[in-house]
Amino acid sequence: MTILAATGALMLSQAPAHAGPVQLLSQHRYVSVTGTASILDFGHGELISDTGHDAYSAAAGDFGPFDAAAIVSAFGVSGYEANASGSGAAAQTSSLDGGAFGFTAATEMYAAGSSGVPGRGSVTALATTGFEVGFSIAAPSRWRLEMSSAVPDSNSQFSFRLADVAGTVIWDQTYLYDPVLGTQYDYVTLLDLAAGEYALTAYLSSYASFDGDVAYSGQGRAGFALAPLVELPEPHAAALLALGLAGLQRLRVARATPA
């Protein structure tokens, strides 16, 4: 898995879907960048500010590919011997093709500024992208999950969650720990899902700020591919009965055999 610096996307191989059927129930996918830069004149109590905002989302009921980027190239103010500014972007490429789910995303947010007398600058800004999909499967099946993330600073966060209709979490690990190799941010695992409805969500965000003295910025990349591999056979009633009778017979033999 390779991080592409130009697009911020994580290229994840998507296994072909052999199980089915998968029914898509709902989706909400979006990218958003918003920020505010301001300067407070402590001498007169006056405030000057500037904002930046950009956002896109998939239309309701649109289960097609989603490829969008929200970009705020610059917002900022200067005055009262101070300045404050920021910029950021959020991008997502996702697909729900054939019941196989793919998601790659990148966020970055930057802030800068300086304070003087009588002005004090400040910045608050957030770049975020979200993936929320509801789906159902008609039969028990085994799924392949491939995960990759690169979130190098505390100002960025990535979360993933697959849960059933009752809210029971099936999987929410964005990394695994290996006692020999250490923390693994790139991994593959298999999940066995029962027939029923599921909610699949993923969020990536980066936050930036300037508090008048120190500026903080963040950037992150993440992605996953989730696809069904094969249907799992459901236990047949006659087979379960046969297993139960066989177990009962073994128990009777064991009790009848002298110690």
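Before reading further, recall that the structure is shown in the block above.
Residues numbered from 1 in each chain as written. Predicted model: local features only at pLDDT ≥ 70, side-chain atom pairs only at ≥ 80, totals over all residues. Heavy atoms only, no water.

Participant: Break down unusual backbone geometry for me, with residues and values.
Facilitator: The linkage connecting Val117 with the following residue, Pro118, adopts the cis geometry, with an omega of 15°. Note on placement: Pro118 falls in the loop between strand S5 (101-114) and strand S6 (119-137). One non-glycine residue, Tyr80, lies in positive phi territory at about 55°. Residue position: Tyr80 is located in the loop between strand S3 (66-79) and strand S4 (82-95). Judged by relative accessible area, which is 26%, Tyr80 ranks as partly exposed. Phi at Glu81 takes a positive value of approximately 65°, unusual for a residue other than glycine. Within the element layout of this structure, Glu81 appears in the loop between S3 and S4. Look at Glu81 and you get exposed, because its relative accessible area is 62%. (Helix = DSSP H or I, 4+ residues; strand = E, 2+ residues; numbered from the N terminus. Buried < 20%, exposed > 50% of the residue type's maximum accessible area, 1.4 Å probe, protein only.)

Participant: Any chance you could break down the nonpolar core for me, citing the residues and the numbers?
Facilitator: Ranked by size, the top nonpolar core spans 25 residues in total, and within it Phe101, Phe131, Leu145, Phe160, Leu162, Leu200 and Phe224 carry the most contacts. Counting only elements with at least two residues in this core, the list comes to S5, S6, strand S7 (141-150), strand S8 (156-164), strand S12 (186-193), strand S13 (196-210) and strand S15 (218-231). Counting 21 residues, the second largest nonpolar core, distinct from the first, contains Ala37, Ala58, Val77 and Ala125. (Core = buried A, V, L, I, M, F, W, Y, C linked by side-chain atoms within 4.5 Å.)

Participant: Can you explain the sheet that holds S5? Please cite residues and give values.
Facilitator: The pairing of strands in a sheet comes from backbone hydrogen bonds and takes either a parallel or an antiparallel form. Taking strand neighbours across the sheet as the criterion, the 6 strands line up as S3-S4-S5-S15-S7-S12 in an open arrangement whose pairing is antiparallel. Here the strands that pair on one side only, and so sit at the sheet edges, are S3 and S12. Adjacent strand axes in the sheet meet at a mean angle of 10°, parallel and antiparallel pairs treated alike. Note that S3 and S4 share 12 bridges and pair antiparallel. Bridged to Phe75 within S4 is Gly86. (Pairing = 2+ DSSP bridges. Axes fitted to C-alpha atoms, helices over the stretch in contact; angles between N-to-C directions.)

Participant: For the packing of aromatic side chains, give the residues involved together with the corresponding values.
Facilitator: Two descriptors summarise a pair of aromatic rings, namely the distance from one centre to the other and the angle between the planes of the rings. Scanning all chains against the criterion turns up 10 aromatic pairs. Judged by centre distance (5.7 Å) and plane angle (25°), the rings of Phe135 and Tyr198 are stacked. In this pair, Phe135 is assigned in strand S6 and Tyr198 in strand S13, connecting sequence segments 63 residues apart. Assigned by exposure class, Phe135 and Tyr198 land together as buried. Put simply, the rings of Phe101, Phe135, Trp143 and Tyr198 pair up and form one aromatic cluster. (Phe/Tyr/Trp six-rings, centres within 6.5 Å; stacked < 30°, edge-to-face > 60°.)

Participant: Tell me about the environment of Gly220, and name the residues and values.
Facilitator: Position of Gly220 relative to the elements: it lies in strand S15. By relative accessible area, which is 1% here, Gly220 ends up buried. Along the chain, Gly220 and Ala150 lie 70 residues apart, while their C-alpha atoms are 5.8 Å from each other. With residues near it in sequence (within four places) discarded, Gly220 still touches Ala105, Ala106, Thr107, Ala150, Val151, Ser156, Leu204 and Ser206. (Contact = heavy atoms within 4.5 Å.)

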